[in-house]
Amino acid sequence: MQRPFWHFTHSARRTMAATVAMAGVLTLGGCGSSDPTLYSLAPVASTQSMGVGTQVPAVIEVRTPGVPSSLDRQTIVGVQDDYSVTPLAGAAWSEPLAPMLGHVLSTDLQQCLPGRTVFAQNDATTIPAQGVVEVEITRFARDSAGLVHLAGNLSVHRVGDADHGLSVPLDLSASPTGTGTRAMVAALSQLTGQVADMAAERLQALPAAPVPHHS
């Protein structure tokens, strides 16, 4: 037996009304959402004062740091513990983390090495590098107790002489001045500055450049 036309029309109207109501809820929800607050790492004044020895390469390239995919995201990771990574709702990096780290690190290192040229990888420059700074990051957030950590590895070497480079593990921590995201980012900036200080020390300690042999 065929369904009466009036019944079909009534059911269709009820379905349409429900669909429109749901669309209205979704639209209102979209209008009510807000953009995340953007944060940036910033260079810090060096805590060390050192003379720059003649053995320090004249031009130094800071390679883009290696960052694991668990941290390489727009949303800032607020807590990083042994078995969990917790992003911060409503807080995002203003640019991709790895190149931002590289640029801040190069600016910090330039302060440590006056008279030397320091640039970040992929910067527009035609000057060939003579020394290289490489950083691998494994930890870059708070722990569950609120302490901020920067962990990984730092290595420096002359271009073409990686066998005589110097490497050191990174295991730095700091107590932020507050509980908010801004305080955490400020603490991470301070720790990045400490990495630059460590890189400057190791560039000072590099073996002398090999003397080219002329035939």
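Please read all numbers here as calculations on a predicted model, not as lab measurements. (Residues numbered from 1 in each chain as written. Predicted model: local features only at pLDDT ≥ 70, side-chain atom pairs only at ≥ 80, totals over all residues. Heavy atoms only, no water.)

1. Overview of the confidence of the model for the protein
Of all residues in the protein, 80% have pLDDT values of 70 or greater, and the mean over the chain is 85. Overall, residues 1–30 carries pLDDT values under 50, and its contacts beyond four positions in sequence, including any with other chains, amount to 1 contact. (pLDDT = per-residue confidence, 0-100. Contact = heavy atoms within 4.5 Å.)

2. Details of unusual backbone geometry
Backbone geometry places Asn 122, a non-glycine residue, at a positive phi of 75 degrees. Position of Asn 122 among the secondary structure elements: in the loop between β5 (117–120) and β6 (131–142). In this structure Asn 122 comes out as exposed when scored by relative accessible area, which is 70%. (Helix = DSSP H or I, 4+ residues; strand = E, 2+ residues; numbered from the N terminus. Buried < 20%, exposed > 50% of the residue type's maximum accessible area, 1.4 Å probe, protein only.)

3. Things to note about the packing of aromatic side chains
Taken as a whole and judged by the stated rule, the model has 1 aromatic pair. Aromatic side chains Trp 93 and Phe 140 sit 6.5 Å apart centroid to centroid with 40 degrees between the ring planes, which places their arrangement in the tilted category. Of the two residues, Trp 93 sits in strand β4 (residues 85–93) while Phe 140 sits in strand β6, which places them 47 residues apart along the sequence. Using a relative accessible area of 4% as the deciding quantity, one classes Trp 93 as buried. Taking the relative accessible area as the measure of exposure, Phe 140 reaches 2% and is therefore buried. (Phe/Tyr/Trp six-rings, centres within 6.5 Å; stacked < 30°, edge-to-face > 60°.)

4. Regarding the pattern of salt bridges
If you walk through the whole model with that rule in mind, you get 4 salt bridges. Put simply, Glu 61 and Arg 63 hold a salt bridge, and the shortest N to O gap is 3.4 Å. Taking the relative accessible area as the measure of exposure, Arg 63 reaches 27% and is therefore partly exposed. The shortest N-O distance in the salt bridge between Glu 134 and Arg 63 comes to 3.2 Å. A residue pair is termed long-range when its members are at least 10 positions apart, and Glu 134 in strand β6 and Arg 63 in the loop between β2 (59–62) and β3 (75–80) qualify at 71 residues. (Salt bridge = Lys/Arg side-chain N within 4 Å of Asp/Glu carboxyl O.)

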